[in-house]
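Close look at the chain arrangement
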Amino acid sequence: MLNFATKKMRKRVFSGARPTGRQHIGNYLGAVRNYVALQDEYDCVYCIVDIHALTTLEDTESLREDTHEMVLDWLAAGIDPQKSIVFVQSHVPQVTELHTLFSMVTPLSWLLRVPTFKEKVKMQPENVNYGLVGYPVLMTADITLYKGEVVPVGEDQLPHLELAREIVRRFNSLFGVVFPEPQGKLANLPLVLGLDGVQKMSKSYDNQIEISASPEEISKRVMTAVTDPARKYRSDPGHPEICNVFCLHSFFTPARVEEIAVECRGAGIGCVDCKKILSESMSSNLKRFRERRASLASKPGYVNEVLADGANRAEAIAEETIREVRSNMRLLQRSDLR
Ligand code: SF4
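A short tour of the structure in this document, coming up. Nothing here was measured: the structure is a model prediction, and the numbers come from that model.

Reading guide: rules and limits
- Residues numbered from 1 in each chain as written.
- Predicted model: local features only at pLDDT ≥ 70, side-chain atom pairs only at ≥ 80, totals over all residues.
- Heavy atoms only, no water.
- Helix = DSSP H or I, 4+ residues; strand = E, 2+ residues; numbered from the N terminus.
- Rg over C-alpha atoms; globule rule 2.2 N^0.38 Å.
- Buried < 20%, exposed > 50% of the residue type's maximum accessible area, 1.4 Å probe, protein only.
- Axes fitted to C-alpha atoms, helices over the stretch in contact; angles between N-to-C directions.
- Parallel < 35°, antiparallel > 145°, perpendicular 65-115°, else oblique.
- Left-handed = near helix turned anticlockwise from the far one by under 90°.
- Contact = heavy atoms within 4.5 Å.
- Nonpolar A, V, L, I, M, F, W, Y, C, P; charged D, E, K, R; others polar.
- Polar contact = N/O pair within 3.5 Å; in protein donor to acceptor, adjacent residues only side chain to side chain.
- Salt bridge = Lys/Arg side-chain N within 4 Å of Asp/Glu carboxyl O.
- Near = heavy atom within 4 Å.

1. Brief notes about the overall build of the protein
Secondary structure assignment for the protein yields 14 helices and 5 strands. Here the C-alpha radius of gyration of the protein, 22 Å, is about what a compact globule of 338 residues would show, namely 20 Å. When its C-alpha atoms are laid out on the principal axes, the protein stretches across 85 × 45 × 40 Å. Counting over 338 residues, the protein shows a buried share of 49%.

2. A closer look at the environment of Asp 43
With respect to the helices, strands and loops of the structure, Asp 43 is situated in strand β2 (residues 43-48). Expressed as a C-alpha distance, the spacing of Asp 43 and Ala 76, which sit 33 residues apart in the sequence, is 19 Å.

3. Considering the packing of helix α1 (residues 25-38) against helix α10 (residues 244-252)
Between two packed helices, both the angle of their axes relative to each other and the distance between the axes serve to describe the pair. Running from amino to carboxyl end, α1 crosses α10 at an angle of 45 degrees, the nearest separation of the two axes being 12 Å. The orientation of α1 with respect to α10, classified from their angle, is oblique. In this structure, the crossing between α1 and α10 has a hand that is left-handed. Judged by residue contacts, Ile 25, Leu 29 and Arg 33 of α1 engage Leu 248, Phe 251 and Phe 252 from α10. Residues of the contact of α1 with α10, tallied by class, amount to 5 nonpolar, no polar and 1 charged.

4. As for the side chain of Thr 67
Position of Thr 67 relative to the elements: it lies in helix α3 (residues 63-77). A residue is classified by how much of its surface remains accessible, and Thr 67, at 10% relative accessible area, is buried. A polar contact of 2.8 Å, which involves the side chain of Thr 67, links it to the backbone oxygen of Leu 63. Not counting residues within four places of it along the chain, the set of residues in contact with Thr 67 comprises Pro 19, Ile 48 and Val 88.

5. Examining the pattern of salt bridges
Evaluated as defined, the whole model comprises 19 salt bridges. With a closest N to O distance of 3.1 Å, Arg 256 and Glu 259 form a salt bridge. What makes Glu 259 partly exposed here is its relative accessible area of 40%. Taken together, the shared-partner salt bridges in this structure form one network comprising Arg 22, Glu 69, Asp 73 and Arg 293.

6. A look at the site of the ligand
Taken together, the residues surrounding the ligand are Thr 227, Asp 228, Arg 231, Cys 243, Val 245, Phe 246, Cys 264, Cys 271 and Cys 274. If you list the elements that add at least two residues to the shell around the ligand, you get α10 and α12 (271-285). Taken together, the residues that form the shell around the ligand break down as 6 nonpolar, 1 polar and 2 charged.

In short, the description is geometric, and any link to function would need to be established separately.
See the structure below:
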């Protein structure tokens, strides 16, 4: 059984991520390493939002495995279940109740104007399900069920958080203050492009490098990366500022970026050699992670134990909140019947 260390009161961070399976470098640089850092300053609640995933996922065959692999990566990367609550959204069903109750105070017009809803409608016109419209309401329920005060966000997610804050304000003004208004914590979350150098790194574009990849796999993947199109020949001078390989060097080979930029511009280095350097630095940067992952993976049931413990701790908070919500909304409660 895991112990939850007693700590002095700190602000609570909530963040959710879809179960996307093995994490890639974009996930790591854009979210996971920030999750790890936040643990030192906040009480963190990290949720694998499997119900949200169902809004776009029609084939759920890999959902369980993806959840397991993602959690294994998180833990190996340094998310500490002694410090943070790590759990699966659907394991705490109170979130669906709060979603329903919030949906009664959220004008439909607020939801229909959300830009991501409009985008999703264009992307999957054959599957415009109710969950897509209600997505921000469920997101608000996710954060507030645990009285999340701080939500790490990138600039692009600020409008979603503002909508959550509007829903909270409306609820609090109608039924009395139950929830803190969640504040966005803007983090320097880099947008990591995939190996195609065009799209955001994503499994769905098959342009990713997994953080658990072996040195051989890393090298194989890096060699496929698109570089500066102006470098048709080894003697052509390059433009590192438009090359994604160079961008990845800034994360994994920071001590040599200046030198690489100069060499690239002067055609002193070829793209193949440049990629070899990147593969090696990436591989050595991720070595400790791979070792920790292998060690955790060798403990049967460890991930399940973490998730079960996380669900218990999350549910204890959720139950308290939902009781407060029912009471403030003046619903006749079962406990009133005794
Ligand atoms: S030498 Fe390196 S930085 Fe320059 S274009 Fe080739 S891969 Fe990109």
